[in-house]
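Overview (structure and organization)
Take a look at the letters that make up each chain.
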Amino acid sequence: MSAAAARRRKQQQKHAAAKSGGDSNDPVQLRLDALLQDPTLSEEAVAYEALQLAQSAVRRNVKLGQFAGATDVAYSASLALLVKSGRVSVSSQLLTVLVQVLSETHTECTDEWLGRFAELDAAYRTALDKDESMSSDERGRLQRLHLQFLKKGLQWSNDLGKIRFGAMGMHALLGDHCWNMSCDEAVVGTEAERKEAAAKITSQDSEEDDDEFEEEDFEIGLRNEAVSHYALAEQVTTILDKLKSLPEPTAEEQTMGHVCLPSQRDALLTRSILVLLAIENLRDARKLVSAYLEEVETSRTPAELKKSYLDKTDGKAPSHIMFVCMLVRICEKDTKTAPLFNWLVRNFGAELGTMHDPEVVKTYTTKIGRVYFDIQPPPNMMDMMENMMGMMGGGMGGAPGGGMNPMMAAMQAMQGGGM
């Protein structure tokens, strides 16, 4: 056979392989398939060999234009490494390759792929929990790596899917993972460590406390992310269940002019409502507020809450549930209630300022003002607002004189809807 004929034959074989979705005689793929079935896959050396072969097979498929084959190899090998070997660290490297290839090859986000992400997520968490010999630092590292994997998956679903801000299934996975991380001492530290850090922050003993504050603050940061993703996934029931699991506000957290963070239960309720309103989901915002009043806020009746909100002499900070109740009702009106919206946000501004990431909170209220009341923010705020919303795929002023008291107008607006 001449050299030219040999080249033509080789080219024909490549074209045939491309049409069939792969080359069944590829030695790399054959070796990988054998390793993934090998009982010794649980051994570190074998698992790493499988990782290297899988990476090579993915690159080869991409080079040949066999994009479906590349993503299938990355998915199946990742799942096998998690289920059969339990090597989370090894598999995490291949998961990074998977989400990168999905984006680079412009693979469409489909229900099948969302199911695959859910399967990989479940296998990852199972393998992580089963490894009892893993150090706390390594567990925390792997938890954070998985968070980045899911975030990149969400971005892929936003870019190549049909739902703005990303697929709801991806948001649900991210919400669960963020909440689970917030309960994992390998990530946020023990309760004693968090309390000690919080005490040092309050006393401002030294400059080192700034770093400790970030660690102590990590729990509430993760939970804010979690409820934001649950809101984008339209999982109001899940948000409600999480809020039910949290303790009631302490006396200090309810004191007028408190300098501490508000209670997690209050802050996460407000964050959830702000996200729902910002994405124009009034239906679920109203549903969450009503369910919270009925099932969570049981220590005080709505009448008592309204009385306390109006009473500036009882020494209590304005309640979050009353703020979001009035906010939802005002948003159900028309743009003529813009002055009332401005007053409500300004009047609750001191409390909003004590929440985690107050700048993000301000961005949400700015977006709500633009969407429902046509209040145009300054250009710099507009850019910040659009950037933040894109990434989701997250002093008590006196009443103005004259006219109707804005507080009473807000109360009437709330009562008018029967909330």
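None of the values given here were measured: they were computed from a predicted structure.

Let us now look at the packing of helix α13 (residues 264-278) against helix α16 (residues 320-331). Axis separation between α13 and α16 bottoms out at 9 Å; the angle between their running directions is 10°. With respect to each other, α13 and α16 are oriented roughly parallel. Residue-level contacts link D266, A267, L269, T270, I273, L274 and L277 of α13 to H320, I321, F323, V324, L327, V328 and C331 of α16. Partitioning the contact of α13 with α16 into residue classes produces eleven nonpolar, two polar and one charged.

Of the residues in the chain, 79% reach a pLDDT of 70 or more, and the chain-wide mean stands at 84. In the model, residues 204-216 has pLDDT below 50 throughout and makes 14 contacts with residues more than four positions away in sequence or in other chains. Considering only residues more than four positions removed or in separate chains, one finds that residues 394-408, a stretch of pLDDT under 50, has 29 contacts.

This part is about helix α8 (residues 168-182). Taking 1.5 Å of rise per residue, the 15 residues of α8 would be expected to cover 21 Å, and the 21 Å separating its terminal C-alpha atoms lies within 8% of that figure. Counting buried residues along α8, eleven of its 15 residues qualify, which places the element largely inside the surrounding structure. When α8 is considered as a whole, its buried residues turn out to be M170, H171, A172, L173, L174, G175, H177, C178, W179, M181 and S182.

Any two side chains of opposite charge can pair, so long as their charged atoms come close to each other. For the coordinates displayed, the defined rule picks out 16 salt bridges. A salt bridge links E112 to R116, with the nearest nitrogen and oxygen atoms 3.5 Å apart. Remark: R116 and E112 occur in helix α6 (residues 111-130); sequence separation between them is four residues, near one turn of the helix. Given a relative accessible area of 53%, E112 falls into the exposed group. Owing to a relative accessible area of 15%, R116 belongs among the buried residues under this scheme. The partner of R265 in a salt bridge is E297, with the nearest N and O atoms 3.9 Å apart. Here R265, found in helix α13, pairs with E297, found in the loop between α14 (282-295) and α15 (302-310); they are 32 residues apart in sequence, far enough to count as distant. Each of the two residues, R265 as well as E297, counts as buried. Salt bridges linked by common partners bring D72, E112 and R116 together as one network.

Overall, R265 belongs to the buried group, its relative accessible area being 5%. Once residues lying within four places of it in the same chain are set aside, the contact partners of R265 are L243, L246, P247, E248, P249, Y292, V296 and E297.

Within soluble globular proteins, side chains that are nonpolar tend to cluster in buried spots. Formed by 110 residues in total, the largest nonpolar core has its most connected members in F117, I273, L277 and I321. The biggest single contributor to this core is α16, with ten residues. If we ignore the near neighbours within four places in the chain, the residues touching F117 are V99, L102, F149, G153, W156, M170 and L173.

If you walk through the whole model with that rule in mind, you get six aromatic pairs. A centroid spacing of 5.3 Å and a plane angle of 20° characterise the contact between F117 and F149, whose relative ring orientation is stacked. Of this pair, F117 sits in helix α6 while F149 sits in helix α7 (residues 136-160), placing them 32 residues apart in sequence. The exposure class of F117 is buried, given its relative accessible area of 0%. When the centroid spacing of 4.2 Å and the interplanar angle of 5° are considered together, the rings of F323 and F348 count as stacked. Residue F323 is found in helix α16, and its partner F348 is found in the loop between α17 (338-347) and α18 (349-353); the two are separated by 25 residues along the sequence. Summarising the burial analysis for this pair, F323 and F348 share the class buried. By way of ring pairs, the aromatic residues F117, F149 and W156 are connected into one cluster.

The rules behind the values
Residues numbered from 1 in each chain as written. Predicted model: local features only at pLDDT ≥ 70, side-chain atom pairs only at ≥ 80, totals over all residues. Heavy atoms only, no water. Axes fitted to C-alpha atoms, helices over the stretch in contact; angles between N-to-C directions. Helix = DSSP H or I, 4+ residues; strand = E, 2+ residues; numbered from the N terminus. Parallel < 35°, antiparallel > 145°, perpendicular 65-115°, else oblique. Contact = heavy atoms within 4.5 Å. Nonpolar A, V, L, I, M, F, W, Y, C, P; charged D, E, K, R; others polar. pLDDT = per-residue confidence, 0-100. Expected span 1.5 Å × (residues − 1). Buried < 20%, exposed > 50% of the residue type's maximum accessible area, 1.4 Å probe, protein only. Salt bridge = Lys/Arg side-chain N within 4 Å of Asp/Glu carboxyl O. Core = buried A, V, L, I, M, F, W, Y, C linked by side-chain atoms within 4.5 Å. Phe/Tyr/Trp six-rings, centres within 6.5 Å; stacked < 30°, edge-to-face > 60°.

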